[in-house]
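# Working through the structure, step by step
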Amino acid sequence: MITQNIIGFELSSQSSEKIYAVDPAHQINLPGAFSPATKDEVDRAVQKAQSAWRIYRNIESKRKALFLTSIAEGIENLGDVLVKRVMQETGYTEARVLVERRRTCTQLRMFAEIVEKEVWRDITIDEALPERTPAPRPDLRKINVAIGPVIVFAASNFPLAYSTAGGDTASALAAGCPVIVKAHESHLGTNALVAEVIMNAAMNTGMPDGVFSSLNGDGIETGQQLVMHPMTAGVGFTGSLKGGRALFDLGNKRLKPIPVFAEMGSTNPVFLLPQKVAQDAQKISSQLVESITISTGQFCTKPGILVAIDNFETQHLIALLEATLAQITPAVMLNESIAHNFHKGVTAVQAESTVRLSESNSNNDLILGSALLAIVNADMFIANPRLHQEVFGPFSLMVLCKDFAQMLDVAQSLDGQLTATVQATQDELLWVHQLTDIMIEKAGRIIFNGVPTGVEVSAAMTHGGPYPASTDSRFTAVGNSAIRRWLRPVTFQNFPEGLLPEFNAILDKPNNPINP
Ligand code: NAP
């Protein structure tokens, strides 16, 4: 396993310091003494990415697609070595890791197809109207181009699908942007294995030196230096509101501000309408318990707030939820800091005097997350912003409303969300309509009779939402359109055809004097 920083096709370990990934289940250092990147290594990685960008963005799409599919093959070829390392570094089950590996490779292959189809170029041509009066119209040709070197912060909860070769990296490489990954300190070994695959794929498919780099960090400075580097053109981030906001502010504070696409999580409210609860309590309970506890609740789409009308049927649903959650075996959380934040979040909710916390399947091991439900009345919820914050882990807060009008008040009180869900019968569609009318202002995806976890990777997906769910609600971090974050339009006015290489390539014209 490569323990150095990967800077293009070069391995580098300037620092004498070493950092280690920790097995959260056993709290021991795992094999691999990794070198944190120095300021000089950060600079070299971005300089190389800038030089590579000038070549890479002009490489024909077929070859870029081959690069992406080679990465997918390389990841699959790592087999058990990768799967075991991810399990050790995250505490995730093998089944979870296999699903995530499949998703990662599917995303890479999906972006390979997208890049070849060229639709993302969004070519628009307004032909010249020389006879137009009072002024003739010039010939205008618009095309999307890559923005430049992109920094990707690996996500703690998606060591494969939103880390080294995950959705941010795949979409940026597809757009023609070189990528520098800032490894997450929790999964340095996973990052090293995948980063080596990307480096080899780049060499084997003839990509320029610097199209990909991977840097380890010891603290937040590495990430800050990467964001502040004058040649950095964009940032992809998945993680905490605190971290995402800090990086967004840094990106805007630069002499030349850059876009920082941070996906920072959400409480994903689920509105439970009364007739549906009366009809389907058992089914709703099973769906919700699975969605709250899958991967120990460490999903950005975990339903963190449930909203229902306080009546006999809802009390029955609460009893079902509490009983089922109590049967879930407490599981290892991703790392000590995330486990600590989880316990802190639960304690903070508990401290609110009118919040009732369900009997937990309690444990004394602080690395374990026990599934929990808390219950609060809507007046208290609306008045208390602390209760609106995400508790990252197997926890959800049931908000009890006096009536439907108060349910609308709760909806109105919520911040920006990745998702909102409504569970309702056909007879309750008028209410669904009213809730949707509020949630369309607040959420990126609205789900009917389902749960928010399980984010499909496809063309119609939106994974993003108004702040604080993400820093730019106009874009998605998942699915085909994720590529749009790394593009900007350029319009050519009255250009000779021979000088429009990208148009010519795409419009299948052979006369192309600029392409390498
Ligand atoms: P994080 O603290 O936001 O860190 C993510 C990455 O960003 C790490 O590489 C971190 O560097 C870097 N970073 C954070 N703050 C930074 C800053 N001010 N300047 C430069 N770089 C910075 O997220 P995490 O480690 O994954 O987990 C911490 C908490 O975030 C969790 O307890 C949870 O509450 C939340 N979280 C939410 C989601 C979600 O999808 N909703 C996902 C993951 C985490 P270092 O590693 O060097 O610190």
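Here the structure is a predicted model, which means the values were calculated and not measured.

A word on the packing of aromatic side chains. Throughout the structure, instances matching the rule amount to 8 aromatic pairs. Each ring, one from F261 and one from W486, has its centre 5.5 Å from the other, and the planes form 90 degrees; the classification is edge-to-face. Of this pair, F261 sits in strand β11 (residues 260–263) while W486 sits in the loop between β20 (443–448) and β21 (487–493), and the two are 225 residues apart along the sequence. F261 gets classed as buried once you look at its relative accessible area, which sits at 10%. Residue W486 is classed as buried on the basis of its relative accessible area, which comes to 0%. Each residue in the set F158, Y162 and F299 is aromatic and connected to the rest through ring pairs, giving one cluster. Its end group placed over the ring of Y56, K64 keeps NZ or CZ at 5.6 Å from the ring centre. A cation over an aromatic ring shows up here: R96 above the ring of F158, its NZ or CZ 4.8 Å from the ring centre.

The next thing to look at is the sheet that holds strand β17 (residues 372–377). Backbone-to-backbone hydrogen bonds join strands into a sheet, with any given pair of strands oriented parallel or antiparallel. An order of β15-β17-β18-β13-β12-β19-β20 is seen for the 7 strands of this open sheet, with the pairing classed as mixed. Lying at the two open borders of the sheet, with one neighbouring strand each, are β15 (356–357) and β20. Pairing of strand β12 (residues 270–272) with strand β13 (residues 305–309) involves 3 bridges; the strand directions are parallel. Across the sheet, L272 pairs through a bridge with A308, a residue of β13. Across the sheet, helix α9 (residues 274–293) lies against β12, β13, β18 (395–401) and β19 (417–423), angled at about 150 degrees from β12, the strand it touches most. With respect to the sheet, helix α14 (residues 429–439) is in contact with β12, β13, β19 and β20, its orientation differing from that of β20 by roughly 170 degrees.

Let us look at the nonpolar core. Among the nonpolar cores identified, the biggest contains 105 residues, and F67 and I71 are the most heavily contacted of them. Looking at this core, you find at least three residues from each of domain 1 (5–264 + 471–507) and domain 2 (270–448). Excluding residues that lie within four positions of it along the chain, I71 makes contacts with L108, A165, L173, V197, I198 and A201.

This brings us to the environment of A49. Counting through the fold element by element, A49 comes out in helix α1 (residues 39–56). Residue A49 is classed as buried on the basis of its relative accessible area of 0%.

What the domain assignment reports for the chain is domain 1 (5–264 + 471–507) and domain 2 (270–448). With centres defined by C-alpha atoms, the gap from domain 1 to domain 2 works out at 34 Å. Listed by partner, the interface residues are 15 residues for domain 1 and 14 residues for domain 2. Between domain 1 and domain 2, roughly 1100 Å² of surface is buried when both sides are summed, and carbon and sulfur atoms account for 56% of that area. Connecting domain 1 to domain 2 are 0 salt bridges. Where domain 1 touches domain 2, the interface holds 3 residue pairs in polar contact (both at pLDDT 80 or more).

The next subject is the environment of A146. Structurally, A146 is set in strand β6 (residues 140–146). Remark: the alpha-carbon pair of A146 and R63, spanning 83 residues in sequence, is separated by 16 Å. Beyond its immediate sequence surroundings of up to four residues, A146 is in contact with W53, R57, A175, G176, C177, W486 and L487.

What follows covers the packing of α9 against helix α10 (residues 312–326). Running from N to C, α9 and α10 cross one another at 35 degrees; their axes reach a closest spacing of 9 Å. Classified by chirality, the crossing of α10 by α9 is right-handed. Facing V277, A278, A281, Q282, I284, S285, L288, V289 and T293 of α9, the residues of α10 in contact are E313, T314, H316, L317, L320, L321, T324 and L325.

The next point concerns the site of the ligand. Near the ligand, the surroundings consist of 22 residues, among which S156, K182, S240, C300 and N341 are the closest. A distance of 2.9 Å is found between an oxygen atom of the ligand and a side-chain nitrogen or oxygen belonging to N341. Contact with the protein chains hides 87% of the accessible area of the ligand, taken as 860 Å² for the molecule alone. Secondary-structure elements contributing two or more residues to the shell around the ligand are α8 (241–253) and α11 (336–350). Residues belonging to the shell around the ligand are distributed by class as follows: 9 nonpolar, 10 polar and 3 charged. Three or more residues apiece are contributed to the shell around the ligand by two domains, here domain 1 (5–264 + 471–507) and domain 2 (270–448).

Turning our eyes to something else, we now look at a negative patch on the surface. A contiguous patch of negative charge on the surface is contributed by E17, E185, D218 and E221. Residue placement: E17 occurs in the loop between β2 (10–12) and β3 (22–23). Among the residues examined, E17 registers a relative accessible area of 37% and is labelled partly exposed.

T133 connects to P134 through a cis peptide bond whose omega is 5 degrees. Structurally, P134 is set in the loop between β5 (124–126) and β6. Note that the residue after Y467, namely P468, is joined by a cis bond; omega there is 10 degrees. Within the secondary structure, P468 is located in the loop between β20 and β21. Unlike most non-glycine residues, D122 shows phi in positive territory, near 50 degrees. Along the chain, the position of D122 falls in the loop between α4 (94–117) and β5. Taking relative accessible area as the criterion, D122 reaches 38% and is therefore assigned partly exposed. The residue N268 is not glycine, and still its phi comes out positive at about 45 degrees. Examined against the element boundaries, N268 turns out to sit in the loop between β11 and β12. Residue N268 is classed as buried on the basis of its relative accessible area, which comes to 0%.

Conventions and cut-offs
- Residue indices begin from 1 for each chain and proceed along its sequence in written order.
- Per-residue local features are limited, in this predicted model, to residues with pLDDT of at least 70; the limit for side-chain atom pairs, both in listing and counting, is 80 or more; totals at the level of whole chains, interfaces and linings are taken over all residues.
- Values shown for side chains rest on all heavy atoms present in the structure; no hydrogens or waters enter the calculation.
- Each Phe, Tyr or Trp ring, with Trp reduced to its six-membered ring, pairs with another whose centre is within 6.5 Å; inter-plane angles below 30 degrees give stacked pairs, above 60 give edge-to-face pairs, and intermediate values give tilted ones.
- The numbering of helices and of strands both runs from the N terminus, where a helix is a DSSP run of H or I of at least 4 residues and a strand a run of E of at least 2.
- Note on classification: 1.4 Å probe, protein chains only; a residue is buried when its accessible area is under 20% of the maximum for its type, exposed when over 50%, partly exposed between these limits.
- Our definition puts a charge over a ring when NZ of Lys or CZ of Arg is within 6 Å of the ring centre and also within 35 degrees of the ring normal.
- At least two DSSP bridges between two strands are required for those strands to pair.
- Note on contacts: a residue pair qualifies if any of its non-hydrogen atoms lie within 4.5 Å across the two residues.
- Lines fitted to C-alpha atoms define the axes here, with helix axes fitted over just the stretch in contact, and angles between the N-to-C directions of these axes take values from 0 to 180 degrees.
- Each nonpolar core is a collection of buried residues, namely Ala, Val, Leu, Ile, Met, Phe, Trp, Tyr and Cys, held together in the definition by side-chain atoms within 4.5 Å.
- In this entry, domain limits derive from an automatic or database-based domain assignment.
- Using a 1.4 Å probe, buried area is obtained as the accessible area two parts lose upon being combined, added over both of them.
- The term salt bridge refers to a side-chain nitrogen of Lys or Arg lying within 4 Å of a carboxyl oxygen of Asp or Glu.
- As used in this structure description, the phrase polar contact means that two N or O atoms lie within 3.5 Å; if the pair is within protein, one of them must be able to donate a hydrogen and the other to accept it, and residues adjacent in sequence are counted only when both atoms belong to side chains.
- Crossings are sorted by hand: turned counterclockwise from the far helix by less than a right angle, the near helix makes the crossing left-handed, and turned clockwise it makes it right-handed.
- The cutoff for a nearby residue is simple: one of its non-hydrogen atoms must lie within 4 Å of the molecule or strand.
- Working definition of accessibility: Shrake-Rupley area with a 1.4 Å probe, residue cover restricted to the visible protein chains.
- Three classes are used: nonpolar for Ala, Val, Leu, Ile, Met, Phe, Trp, Tyr, Cys and Pro, charged for Asp, Glu, Lys and Arg, and polar for all others, with Gly counted as polar.
- Like-charged residues within 9 Å of one another, or nonpolar side chains (Val, Leu, Ile, Met, Phe, Trp, Tyr) within 5 Å, are grouped into patches, provided each residue has over 30% relative accessible area and no salt bridge.
- Charge convention: Lys and Arg are scored as positive, Asp and Glu as negative, and His as well as the terminal groups of each chain are ignored.
- Throughout, a charge is located at the NZ atom of Lys, the CZ atom of Arg, the CG atom of Asp or the CD atom of Glu.

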